[in-house]
Amino acid sequence: MTLVDKQDNEVRVDRNEAASRYEITYADSDEVVGFADYVINDNDRIFYHTKVDEDYGGRGLASILIREAIEDTFPTGQVVVGVCPFVSGYVEKNGYDGGYRAGTPEDEAFVKEMQR
């Protein structure tokens, strides 16, 4: 499936396992214009931060990024955990067929510990 932003420009979403994040780029460039950070805790994939470069705002990139990230999580059987408000809002608005739960203070503490 070809992914396009609201301006009909082709984009690509890739999982960067080394950085523990999903990245969105335009198909004609290798420049990362947005990302969604996550950490793994047992069977949870905790999404804690989503950012799109402000020069690319309003193009629907964050929604594309999160949709692809959670769909990539589905086959792993991991539970998507929405510590990031954008992830939580996306799932609440659009639904998700896989395991999902809202983030807890314990998840936030785990993320902080992992960032040390």
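Quick note: structure is the one above.
Since the model is a prediction, treat every value here as computed from it, not as a measurement. (Residues numbered from 1 in each chain as written. Predicted model: local features only at pLDDT ≥ 70, side-chain atom pairs only at ≥ 80, totals over all residues. Heavy atoms only, no water.)

### Focus: the overall build of the chain
- On a plain count of helices and strands, the chain comes out with 3 helices and 7 strands.
- Put simply, the chain runs from its N terminus to its C terminus through helices and strands in the order β-β-β-β-β-α-β-α-β-α.
- Compactness check: the chain gives a C-alpha radius of gyration of 14 Å against a globular reference of 13 Å for 116 residues, within 12% of the reference.
- The dimensions of the chain, computed from C-alpha atoms along their principal axes, are 40 × 30 × 25 Å.
- A burial count over the chain gives 39% of its 116 residues as buried.
- Restricting the contact set of the chain to residue pairs at least 6 apart, pairs at least 24 apart contribute 42%.
- Each charge class in the chain can be summarised by its mean position, and for the 12 positive and 24 negative side chains these summaries are 3 Å apart. (Helix = DSSP H or I, 4+ residues; strand = E, 2+ residues; numbered from the N terminus. Rg over C-alpha atoms; globule rule 2.2 N^0.38 Å. Buried < 20%, exposed > 50% of the residue type's maximum accessible area, 1.4 Å probe, protein only. Contact = heavy atoms within 4.5 Å. Lys, Arg positive; Asp, Glu negative; His and termini not counted. Charge placed at Lys NZ, Arg CZ, Asp CG, Glu CD.)

### Quick word on the packing of aromatic side chains
- Tallying each qualifying case throughout the model produces 5 aromatic pairs.
- Where Tyr26 meets Tyr56, the ring centres are 5.7 Å apart and the plane angle is 35 degrees; that geometry is what we call tilted. Here Tyr56 lies in the loop between strand 5 (44-52) and helix 1 (61-73) and Tyr26 lies in strand 3 (residues 21-26), a separation of 30 residues in the sequence. Just as Tyr26 is buried, Tyr56 falls in that class too.
- Both rings, one in Phe74 and one in Tyr96, keep their centres 6.3 Å apart while their planes meet at 85 degrees; by these two values the pair is edge-to-face. A residue pair is termed long-range when its members are at least 10 positions apart, and Phe74 in the loop between helix 1 and strand 6 (79-82) and Tyr96 in the loop between helix 2 (85-94) and strand 7 (100-102) qualify at 22 residues.
- Relative accessible area serves as the criterion here: at 43%, Phe74 is assigned to the partly exposed category.
- Ring pairs connect the aromatic residues Tyr22, Tyr38 and Phe47, which therefore count as one cluster.
- Against the face of Phe35 rests Arg21, its NZ or CZ located 4.4 Å from the ring centre.
- Residue placement shows Arg45 over the ring face of Tyr38; its charged tip is 5.0 Å from the ring centre. (Phe/Tyr/Trp six-rings, centres within 6.5 Å; stacked < 30°, edge-to-face > 60°. Lys NZ or Arg CZ within 6 Å of the ring centre and 35° of its normal.)

### As for the environment of Asn94
- As for its placement among the helices and strands, Asn94 is situated in helix 2.
- Each C-alpha atom of the pair Asn94 and Leu65 lies 14 Å from the other, and the pair is 29 residues apart in sequence.

### A few points about the pattern of salt bridges
- In this structure the tally under the stated criterion is 10 salt bridges.
- Note that Glu23 is salt-bridged to Arg21, the shortest N-O span being 2.8 Å.
- Look at Glu23 and you get buried, because its relative accessible area is 13%.
- Where Arg101 meets Asp107, a salt bridge forms, and the shortest distance between an N and an O atom there is 2.6 Å.
- For Asp107, a relative accessible area of 4% corresponds to the buried category. (Salt bridge = Lys/Arg side-chain N within 4 Å of Asp/Glu carboxyl O.)

### Examining the pairing of strand 4 (residues 32-41)
- Most of strand 4 sits inside the fold, with 7 of its 10 residues counted as buried.
- One ladder, built from 5 bridges, connects strand 3 with strand 4; its direction is antiparallel. Each bridged residue has a counterpart across the sheet, and for Glu23 the counterpart in strand 4 is Phe35.
- Adjacent in sequence and paired antiparallel, strand 3 and strand 4 are bridged by 5 residues. (Pairing = 2+ DSSP bridges.)

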